[in-house]
Amino acid sequence: MADQRELSLDALVDVLKAAGEPTRMRLLALLGAGDLTVTDLTEILGQSQPRISRHLKLLAEVELVDRYQEGAWAYFRLRQEGARVSLVRAMLASATSDDAVLSRDASRLVTLKKARAEKAQAYFSRNAAGWDELRRLHVSERDVETALRDMVGDEPVDSLLDLGTGTGRILQLFEGLYRRGIGIDASRDMLAVARSNLDRAGITKASIRHGDIFNLPLDGQVFDLVTIHQVLHFLDQPEAAIAEAARMLTPGGRLVIIDFAPHGLEHLRDEHAHARLGFSHQAMTDWLAKAGLQLEKTTDLSPEGTDGGKLTVTIWLARDQRAVEESEAPHQRMQAGGL
């Protein structure tokens, strides 16, 4: 069997033709550092938008960059896998570290990311009071993250999808676990915060995208691990979001949900737009089963000294059952036919 990094002669020539031009090589170097728009790239390279767009179109045609739409903006990034991209990464790694052009591009990228971070921080600061108030109502985030890591374990996964990614914290928390990560959020302001946080953490194997949790802009059955962290209580139909998350899982893949246990803090409806006041184990088990998932683990985290006005955080871990059913099918057929 041919090595997955091998290319046919025609494909090899296509890649070399596409990358073998100064502007396109500079674009590939920049897109390897994260998601950027055409406007970002024109600012860094000092070239016209039509020119940059033409180069990006050619790179996309030979499967070196991905393009995805976010409202009126289109984001681009270097593809994360494939023999063609492996060749390009090797070419970029061969460039001298003190090349004047690439160094200038990298410096301008740092400046652009700094401006992006300042804008994101301004939004975060405007809304921090509300988040801080909620944090005081439940167990510490550190305790939740510790329990979450323990539940997921340390076995590497190929792909992670974080729904309602918010600040991108889950992508940071599991950065050492996944090979490829995607965070989805409906708020463009929060997407800016998440991108800024990933930039600051130096995480380039995860990307952030705008999307509807009920109708995800992704192919199904491609993620080994899907997380929904403190999102479902904002939704009128959480079971529909769970069904869409289940559609994303590979056979045998896992879904992890972190949310509140049932509570009676009615003011959260008006003051923080909570549509649901927590979820019972029975309701969650029923929704997961309806989506074709089996609940495997549950953890309840209650604040110390709870006085009835505090919130318990629950973590549910469920698994897609198709891998189990497929592995059992040959044995069942053998029993039916031979015994």
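Residues numbered from 1 in each chain as written. Predicted model: local features only at pLDDT ≥ 70, side-chain atom pairs only at ≥ 80, totals over all residues. Heavy atoms only, no water.

Chemist: In this structure, what is going on with the sheet that holds strand β6 (residues 206-210)? I would like to understand it.
Modeler: Whenever strands of a sheet pair, they do so through backbone hydrogen bonds, lying parallel or antiparallel. Read from one edge to the other, the open sheet built from seven strands follows the order β6-β5-β4-β7-β8-β10-β9, with strand pairing classed as mixed. Each edge of the open sheet carries a strand with a single partner, namely β6 and β9 (293-301). Adjacent strand axes in the sheet meet at a mean angle of 15°, parallel and antiparallel pairs treated alike. Note: strand β8 (residues 249-260) against strand β10 (residues 313-320), seven bridges, orientation antiparallel. What sits directly across from leucine 255, in β10, is alanine 318. Against the sheet, helix α12 (residues 281-290) contacts β8, β9 and β10, and its axis sits at roughly 155° relative to β9. (Pairing = 2+ DSSP bridges. Helix = DSSP H or I, 4+ residues; strand = E, 2+ residues; numbered from the N terminus. Axes fitted to C-alpha atoms, helices over the stretch in contact; angles between N-to-C directions. Contact = heavy atoms within 4.5 Å.)

Chemist: I would appreciate a short explanation of unusual backbone geometry in the present structure.
Modeler: Leaving glycine out, the prevailing phi sign among residues is negative, and the prevailing peptide bond configuration is trans. Unusually for a residue other than glycine, glutamine 221 sits at a positive phi of about 60°. With respect to the helices, strands and loops of the structure, glutamine 221 is situated in the loop between β6 and β7 (223-229). Residue glutamine 230 is not a glycine yet carries a positive backbone phi of 50°. Following the sequence through the fold, glutamine 230 ends up in the loop between β7 and α10 (238-248).

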